[in-house]
Structures are given as structure tokens and as C-alpha cells.
Amino acid sequence: MSNAKPVSAERQAFYDEIRPLNMTPLWEMLHALVPKQPATRVQPVRWRYDDVRPYLMQSGDLITAKEAERRVLILENPGCPGESAATGTLYAGLQLILPGEVAPCHRHTQSALRFVMEGDGAYTAVDGERAVMREFDLILTPSWQWHDHGNDGAGPMVWLDGLDIPTVRFFDAGFAQQGNDEYQLDRRPPGFSRAQFGRNMLPVGFDAPKTSPVFHYPYAEYRQALEDMKGSTEWDPHQGLKLEFINPATGGPMMPTISGFVQLLPKGFSTKTYRATDAMVCTVVEGTGNAIIGDEVFDLKPRDVFVIPPWHRQCLEARDDLVLFVFSDKGMQDSLGIWREERI
Ligand code: GTQ
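Each chain has its residues counted from 1, running along the sequence as written. Given that this is a predicted model, residues contribute local features only at a pLDDT of at least 70 and side-chain atom pairs are listed and counted only at 80 or more, while totals for whole chains, interfaces and linings are drawn from all residues. Here the side-chain values reflect all heavy atoms present in the structure, with hydrogen atoms and water set aside.

1. Focus on the overall build of the chain
Now for step 1: In this description a helix means any DSSP run of H or I spanning at least four residues, a strand means any run of E spanning at least two, and both kinds are numbered starting from the N terminus. Along the chain, the regular secondary structure elements total 8 helices and 22 strands.
Now for step 2: Using C-alpha atoms as the atom set, the radius of gyration is obtained and then compared with a globule rule of 2.2 Å times the number of residues to the power 0.38. The C-alpha radius of gyration of the chain comes to 22 Å, within 12% of the 20 Å expected for a compact globule of 344 residues.
Now for step 3: On the principal axes, the C-alpha backbone points of the chain span a range of 75 × 50 × 50 Å.
Now for step 4: Taking all 344 residues of the chain together, the buried fraction comes to 47%.
Now for step 5: We call two residues in contact whenever any of their non-hydrogen atoms come within 4.5 Å of each other. In the chain, 75% of the contacts between residues at least 6 apart in sequence involve partners at least 24 apart.
Now for step 6: The protein chains shown are the only cover counted for residues, whose accessible areas, like all others here, come from Shrake-Rupley with a 1.4 Å probe. Carbon and sulfur atoms make up 54% of the accessible area of the chain, which amounts to about 17,100 Å² in all.
Now for step 7: Within this scheme the basic residues Lys and Arg register as positive and the acidic residues Asp and Glu register as negative, but His and the chain ends are omitted. The atom standing in for a charge is NZ when the residue is Lys, CZ when it is Arg, CG when it is Asp and CD when it is Glu. Across the chain, 34 positive and 46 negative side-chain charges occur, with their mean positions spaced 3 Å apart. For every residue, the accessible area (1.4 Å probe, protein chains only) is compared with the maximum for its type, and the residue is labelled buried under 20%, exposed over 50%, or partly exposed between those bounds.

2. What about the sheet that holds strand S16 (residues 280-286)?
Now for step 1: Strand pairing follows a simple DSSP-based rule, namely that at least 2 bridges must link the two strands. Taken in spatial order, the 6 strands line up as S1-S19-S16-S21-S14-S13 in an open sheet, and their pairing is antiparallel. Unpaired on one side and paired on the other, strand S1 (45-47) and strand S13 (241-245) mark the two borders of the sheet. Shown here is a sheet whose adjacent strand axes are inclined to one another by a mean of 20 degrees, direction ignored.
Now for step 2: Axis lines are fitted through C-alpha atoms, for helices just across the contact stretch, and the angle between N-to-C directions can take any value from 0 to 180 degrees. In the packing of helix H7 (residues 219-230) onto the sheet, contacts are made with S13, strand S14 (259-265), S16 and strand S21 (322-328), and the angle to S13 comes to roughly 145 degrees.

3. So, the site of the ligand
Now for step 1: If even one non-hydrogen atom of a residue comes within 4 Å of a molecule or strand, that residue is called near it. What surrounds the ligand is the set Arg 70, Val 72, Tyr 91, Gln 95, His 106, His 108, Arg 114, His 147, His 149, Asp 161 and Leu 163.
Now for step 2: Any pair of nitrogen or oxygen atoms within 3.5 Å is treated as a polar contact; in protein, a donor-acceptor pairing is required on top of that, and neighbouring residues in sequence qualify only through side-chain atoms on both sides. Side-chain polar atom of His 147 to an oxygen atom of the ligand: 2.9 Å apart, as the coordinates give it.
Now for step 3: In the complex, 89% of the free accessible area of the ligand, which totals 290 Å², lies under the protein chains.
Now for step 4: Only strand S3 (91-97), strand S4 (102-108), strand S9 (147-151) and strand S10 (157-163) provide two or more residues apiece to the shell around the ligand.
Now for step 5: Each residue gets one label: Ala, Val, Leu, Ile, Met, Phe, Trp, Tyr, Cys and Pro are nonpolar, Asp, Glu, Lys and Arg are charged, and the others, such as Gly, are polar. Taken together, the residues of the shell around the ligand break down into 3 nonpolar, 5 polar and 3 charged.

4. Some words on the sheet that holds strand S12 (residues 216-217)
Now for step 1: Reading across the sheet, the 6 strands line up as S2-S3-S10-S5-S8-S12 and stay open at both edges, with antiparallel pairing between neighbours. Two strands close off the open sheet at either side, each with one partner strand: strand S2 (72-74) and S12.
Now for step 2: Across 4 bridges, strand S5 (residues 112-118) lies against strand S8 (residues 138-141) in antiparallel orientation. Looking at the pairing, Arg 114 lines up with Ile 139 of S8.
Now for step 3: In the packing of helix H3 (residues 49-62) onto the sheet, contacts are made with S2, S3, S5 and S10, and the angle to S3 comes to roughly 55 degrees.

5. A closer look at a nonpolar patch on the surface
Now for step 1: Taken together, Leu 26, Met 29, Leu 30, Leu 33 and Val 34 make up a surface patch of nonpolar side chains, about 440 Å² in accessible area.
Now for step 2: Among the secondary structure elements, Leu 26 is positioned in the loop between helix H1 (9-18) and helix H2 (30-33). Residues with no salt bridge and a relative accessible area higher than 30% make up the patches, which join like charges within 9 Å and nonpolar side chains (Val, Leu, Ile, Met, Phe, Trp, Tyr) within 5 Å. Basic side-chain nitrogens of Lys or Arg form a salt bridge, by our definition, when they fall within 4 Å of a carboxyl oxygen of Asp or Glu.

6. Some thoughts on the side chain of Thr 271
Now for step 1: Of note, Thr 271 is situated in the loop between S14 and strand S15 (274-276).
Now for step 2: The buried category is assigned to Thr 271, whose relative accessible area is 6%.
Now for step 3: Those residues in contact with Thr 271 that sit more than four places away from it in its chain are Pro 237, His 238, Gln 239, Leu 265, Gln 314, Cys 315 and Leu 316.

7. Observations concerning the environment of Ala 122
Now for step 1: Tracing the backbone through its elements, the reader meets Ala 122 in strand S6 (residues 122-126).
Now for step 2: Between the C-alpha atoms of Ala 122 and Met 332, which are 210 residues apart in sequence, the distance is 30 Å.
Now for step 3: The residues contacting Ala 122, other than those within four sequence positions of it, are Ala 131, Val 132, Met 133, Gly 150, Asn 151, Asp 152 and Met 157.

8. Here's the deal with unusual backbone geometry
Now for step 1: Even without glycine at this site, Ser 84 takes up a positive phi of about 50 degrees.
Now for step 2: Within the secondary structure, Ser 84 sits in the loop between S2 and S3.
Now for step 3: If you check the backbone angles, Asn 200 has positive phi at about 65 degrees while not being a glycine.
Now for step 4: Note on placement: Asn 200 falls in the loop between helix H6 (192-197) and S12.
Now for step 5: Relative accessible area serves as the criterion here: at 79%, Asn 200 is assigned to the exposed category.

9. Brief notes about the pairing of strand S19 (residues 305-308)
Now for step 1: Here S19 shows no split at all, with Val 305 and Val 307 on one side and Phe 306 and Ile 308 on the other all buried.
Now for step 2: Here S1 runs beside S19; their pairing, made up of 3 bridges, is antiparallel. Directly across from Arg 46, in S19, lies its bridge partner Phe 306.
Now for step 3: Where S16 and S19 come together, 4 bridges link them in antiparallel fashion. Bridging from a neighbouring strand, Val 281 pairs with Val 307 of S19.

10. Digging into the nonpolar core
Now for step 1: Core analysis: the largest hydrophobic core is formed by 52 residues, its most contacted members being Leu 113 and Phe 115.
Now for step 2: Dropping the residues within four chain positions of it, Phe 115 is found in contact with Phe 136, Asp 137, Leu 138, Trp 159, Leu 160, Tyr 222, Thr 283, Val 285 and Phe 325.
Now for step 3: The set of buried Ala, Val, Leu, Ile, Met, Phe, Trp, Tyr and Cys residues whose side-chain atoms join them within 4.5 Å is what this entry labels a nonpolar core. Counting residues in hydrophobic clusters, the runner-up holds 20 residues, among them Ala 276, Val 284, Phe 306 and Val 326.

No statement about biological role is implied by the geometric values presented.
Given below as C-alpha cells:
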């Protein structure tokens, strides 16, 4: 947006004259470039899992995981058409793997998370270690690590992919490689990383990696943490109980570009109005309720996915115990010193 004031003929002539020199006057757009508060194209949006799932299953008849490389329906924010972006910085999609399929090995500089929506018995192998994926587990595939996905189970497997694709595109810093083999040979037994890093200990002499070396966070474990806190903690009026998945080697966010959280609101709880500069992609793990985002009200059921744009007022209402998984660019903003929140 430029200034509303009409431009005089004299100034317009000047602007036209400097245009071929690849120059343009700041004063026509200063306030759009340096806004008083965030002005985002990202819109509040909710995908009902019941609406999306039939199309995802239909995609299973259209193309194999092998041919597609990754059989995913992208969840695209309507404010950013054609950009494959859920928010300004992050991408979201729903990936389907049918029994017996393998999504072949590759690696890329984009970091990714997988949050299991349904199914049991598929795996993601990261750098030679398999994580067996159960419902609502969180799995990380760090930047530039080989990964393949396979389904040894009996039913379809669906997970929510969260990647930093728009961020890496912003930097024009993306690289990708196909693996020589379709899938990786096991180099470590499943659970090895959690044994090393998931017990509040680190191997001696270990250099902290940028992404959490605990690349598998089982639902059973983080859910228990929330449950154990439920009786004894004072509820944050704006957030209920919210825990962040961290990199145990740094104490920082689980990945440099993507932060992850789980949130529990007990039955009947309504949060006070809150806003923050990180756009959030949220999915319902358990329970029902409402998300009020700006002027929009979305009713929520398990596996629904919704987006809270930057600096939009949010209230969450729990009809029964409501558990959410949330990912955002909070850690990235924190490291740049620009993250803000407001508790209203
Ligand atoms: O599983 O590696 O949704 O590379 C988009 C890009 C998933 C993946 C996506 C990817 C992947």
C-alpha cells in the first residue's frame, strides 16, 4: 500500500525518471514498509479433518508414494494463494502412506516435523534410525538429514507435515538430494536417540546440534507430562498448560526454524485474549471446543488443523479436556529479537 495522497505530476515524472535506474522513493511507502503493528496477509483458517480425509484417501488411488516421492495435500493459507504456505514462514501438509509403501529416501535443507494424525506401525527413518510412528507422536527430521518413510502396518497412515519451506525459500538457501537407495539400512536400533538424549542426559563430549537429537517424542510421554501437571499447576489464564518441546542440548527450541508445543485446557476452560507475533499452526489432539481468532469462530474436533495469523487475537474454549499440538516460528523470532506477545 502506498500513501493515499495523490501524487503530483512533478513527482510522478521524477519517479518515472528514476525507475530505469532501479530506484524508488521511500516516502511513498515508508509506513507500509515500517508498519505501526503487524499487517499480515495470513488469514485465520481451519481445515476440518472430516472434510479433508476423503480427498487424501482419493489421492491414494491417483498416485503411489513412490511416484509422488511424497504424497501430500498441501494446506495452503487462502491469504497466500499459490505459495504453498500455511503462514508467512511455515508450510503444512497432510501426508498419506499406504501399507507396503515407501516414500523414498531424500534429504533437504528444509527442516521438518511430522505429527501423526492416524494409523500405527509406519516409520520414519532419520539418519539410519527408525522411529515407529503411533497416533499423535511427534517426529523431527532435521535439516540435511537423510529420511524415508515406510508403512509396515495394516492400515493407511496419515500425518501432518510441518516444514520451514517458505523461510528457506525467503533466503533462497534450499538444497535437496535423492538417496541412492529407496530406503536406509538401519544403523542404530529404534529408540537409540531417546535413550541417549531423552532422559535428561547427554553423551559426554557431545557437540550440541542445532536440532533436538531427540527426534521422536511419543504421545504417551508428553501426554503423561500434561496429565501429571493437571492436578498441581496453576493454570495460565491465557494459555492453560502449555509445554514446549526443546532441544535438550541447548535448552532452546526443538529446531532452529520451527518451535513445537502441546497445550492442555481442561473442560470448561476459556483462555483470556492473547496475541503474539508468531503465526501458529495448531491441530487438535483430543477434545472439542472453539478457537476464536480475530473475528472468526472455528469449532474444533480432533485432527482439525487451524492457523492463527501473527498478532491476531486468540481465545480458546474447551468443551471437554482439549489438547492441542502447535508449531510456529517463535524460536526463529526469538533468536532475531523480534518476538512479542500481549496478554489482554
Ligand atoms: O516428507 O520429506 O510435506 O520433503 C514436503 C516436502 C514432506 C518429506 C512434505 C518434503 C516432505
